[in-house]
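# Residue-level structural notes
Residue strings, one per chain:
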Amino acid sequence: MSLLFRGIVWFGLYTVLVVLPLAVALVVHPLSGQRPVAVDLAAAAGFIAFALIVLEFALVSRLRAASDPFGTDALMYFHRLMGLAAVAFLVAHPVLFAGHGLSAASFNPMAGGWNRSSGALAFWLVLLLVASSVWRKRLRLGYDRWRRVHAAAALIIVAAAIAHMLQAGTYTQVPLLAGLLLLYGVLFLALMFRYRVVRPLQLWSRPWRVVENRDEGADTRTLVLHGAERARFEFEPGQFAWLITGGTPFSAQQHPLSIGSSAEKAGEGTIEFSIKALGDWSGTVPSLLGPGARLWIDGPYGAFSPDREPAQGFVLIAGGIGITPMRSMLLTMRDREDVRPVLLFFAAANWQRVMFRSELAALEREINLKTVYVFAAAPDDWEGERGFITRDVLARHLPRQYKRYQYFVCGPPPMMDSLETTLTEMGVPAARVQSERFDMV
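Residues numbered from 1 in each chain as written. Predicted model: local features only at pLDDT ≥ 70, side-chain atom pairs only at ≥ 80, totals over all residues. Heavy atoms only, no water.

### Side note on the overall build of the protein
The condition is simple: Strands here are runs of E lasting at least two residues and helices are runs of H or I lasting at least four, both read from the DSSP assignment and numbered beginning at the N terminus. Using a 1.4 Å probe on the protein chains alone, a residue whose accessible area is under 20% of its type maximum counts as buried, one over 50% counts as exposed, and one in between counts as partly exposed. The contact definition used throughout considers only heavy atoms, calling two residues in contact when any of these lie within 4.5 Å. In short, Shrake-Rupley with a 1.4 Å probe defines the accessible areas, and a residue's cover is counted only from the protein chains shown. Counted charges follow a simple rule, with Lys and Arg positive, Asp and Glu negative, and His plus the chain ends left uncounted. In plain terms, the charge of a residue is placed at NZ if it is Lys, CZ if Arg, CG if Asp and CD if Glu.
Summing up its helical and strand segments, the protein has 11 helices and 12 strands in all. Counting only C-alpha atoms and orienting by the principal axes, one finds that the protein spans roughly 80 × 50 × 45 Å. Within the protein, the fraction of its 441 residues that count as buried is 51%. Restricting to contacts in the protein with at least 6 residues of sequence separation, those with at least 24 account for 75%. As displayed, the protein offers around 20700 Å² of accessible surface, 61% of which is attributable to carbon and sulfur atoms. Taking the average location of the 42 positive side-chain charges in the protein and that of its 35 negative ones, the two points are 6 Å from each other.

Given below as structure tokens:
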């Protein structure tokens, strides 16, 4: 089954599941005109909000069959958009009820009957969860702690929403619809159980151990891991995996990291991850992982790979630690003896912030690679490109047939946003430009 067809199937299934509760409600209780239109619209908004909230977890529960056609970062972005959509429908639900028996006291989780209390609890928890996600960094919430709170809040929200809807009256008095809502709750619990219990148990018997912790400079360390025979797995160049530290695969310390080693050598049981000190975990834990430390790897994931589409050549554009997936691509091309041309743009502050400098120089002698360094704070004697990777910089180095190349962009979000726009303005088909984002929450 092709990735395109799989993507269509999964998106179609998602759409059906979003509208199914509302569709069933209309079948079991057709609109009769006996109630105000606003009341029926409020109920409709509630059904859509509930389905979106339940399916939010499905988007981020690491179902590879669902993520492979789109890429995990694309699903994360869609997860965020659907979260905002769920909030819009959720807010519309009580707003449309205004003037039809809804009072300000209905928003108090500690007042009223169980029906109103559960609805108010779900309402405020959803708003709190979304706000803490959108403004997590401004609120200085640690990523690991935020993940735990996020999961606990989601569980309470779904339970409270089901309790509210089952007691709400007209529609859910029909056993078919009540059973469907409970089935959505079971689906949510099954996904969470798989994610929180089944998957960690599967990983437990497949640990990896650190064999080298290498300082690459520029606040970056490379962990070289070796796994037992049953721990080895195949991956495509450019993909990523979740690195789990903290003692067991149940640990909350789970972080998405690009795989930096050659995909052609995956069968040898050694894999590399390069980690830049950018946050609370990356700034402290990696430097403490000495030889012998036990870790787990959940993956591979992602669609950011040159193996997905045919290409005449490649343009790789990296900023900072975004060089890691590009390194995997280049090492894989070397090991495959791939002769296709590659043009690498590497943006950094200066030479001191460049990782894998000697390795890239060696690769230029081994494969058909040209590297263009662009320094934002270049020394006075620097004769190369300065500033940022702009349209003018690209135009000076891209080959004549650049529109036929495949483009891979990974780096700070502002850089990726700018280059995606610039490349399409230069006539590069949008389908030939791929970017990898991890900063989605």
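Moving on from the model shown.
### Regarding the confidence of the model for the protein
Our working definition: Note: pLDDT gives the predictor's confidence per residue, expressed from 0 to 100.
For the protein, per-residue confidence averages 87 on the pLDDT scale, and 94% of positions sit at 70 or higher. Within the protein, the element-level pLDDT minimum falls on helix α3 (residues 64–67), averaging 75, and the maximum on strand β8 (residues 342–348), averaging 97.

### A look at helix α5 (residues 114–134)
Quick reminder: α-helices carry 3.6 residues per turn. Residues three or four places apart thus point the same way. Applicable threshold: Helix span, expected: 1.5 Å multiplied by one less than the number of residues in the helix.
For α5, with 21 residues, the first-to-last C-alpha span of 30 Å sits near the 30 Å given by 1.5 Å per residue. Listed in full, the buried residues belonging to α5 are S117, S118, G119, A120, A122, F123, L125, V126, L129, V130, S132 and S133. The secondary structure elements touched by the buried residues of α5 are α2 (37–59), α4 (72–97) and α6 (143–166).

### Let's talk about the packing of helix α8 (residues 323–336) against helix α9 (residues 357–366)
As a reminder, the rule being used: To get an axis, a line is fitted to the C-alpha atoms, and for a helix only the part in contact is used. The angle between two axes follows their N-to-C directions and goes from 0 to 180 degrees. The handedness criterion is simple: a crossing whose near helix is rotated anticlockwise from the far helix by less than a right angle is left-handed, and one whose near helix is rotated clockwise is right-handed. Here the term charged refers only to Asp, Glu, Lys and Arg, the term nonpolar to Ala, Val, Leu, Ile, Met, Phe, Trp, Tyr, Cys and Pro, and the term polar to all other amino acids, Gly among them.
Between α8 and α9, the least distance of the axes is 11 Å, while the angle of their chain directions is 35 degrees. The way α8 lies across α9 gives a crossing that is left-handed. Contact residues: R327, L330, L331 and R334 in α8; E359, L360, L363 and E366 in α9. Across the contact of α8 with α9, the residue classes break down as 4 nonpolar, no polar and 4 charged.

### Section: the environment of K137
Inspection of the secondary structure assignment puts K137 in the loop between α5 and α6. Relative accessible area serves as the criterion here: at 52%, K137 is assigned to the exposed category. Each C-alpha atom, one on K137 and one on T390, is 29 Å from the other, the two residues being 253 residues apart in sequence.

### A word on the side chain of S118
Stated formally: Residues adjacent in sequence count toward polar contacts only when both atoms are side-chain atoms; beyond that, a polar contact is any pair of N or O atoms within 3.5 Å, and within protein one must be able to donate a hydrogen and the other to accept it.
Looking at where S118 falls in the secondary structure, it is placed in helix α5. With a relative accessible area of 1%, S118 lands in the buried category. A distance of 3.4 Å separates the side chain of S118 from the backbone nitrogen of H164, its partner in a polar contact. Once you skip the residues sitting within four places of it in the chain, S118 turns out to touch A160, A163 and H164.

### Some details on the sheet that holds strand β11 (residues 406–410)
Where we set the bar: When DSSP finds two or more bridges between two strands, those strands count as paired.
Sheet architecture is open: 6 strands sit in the order β10-β9-β8-β7-β11-β12, paired in parallel fashion. One side of each edge strand has no neighbouring strand; the edge strands of this open sheet are β10 (385–386) and β12 (433–435). The pairing of strand β7 (residues 314–319) with β8 spans 6 bridges and is classified as parallel. Bridged to F314 within β8 is V342. Packing against the sheet, α9 makes contact with β8 and β9 (369–375), and its axis sits at approximately 145 degrees to β9.

### Digging into the pairing of strand β5 (residues 270–276)
Taking burial as the measure, the 7 residues of β5 include 6 buried ones, the bulk of the element. Looking at chain direction, strand β2 (residues 220–227) and β5 are connected through 7 bridges and run antiparallel. If you follow L223 over to β5, its bridge partner there is F273.

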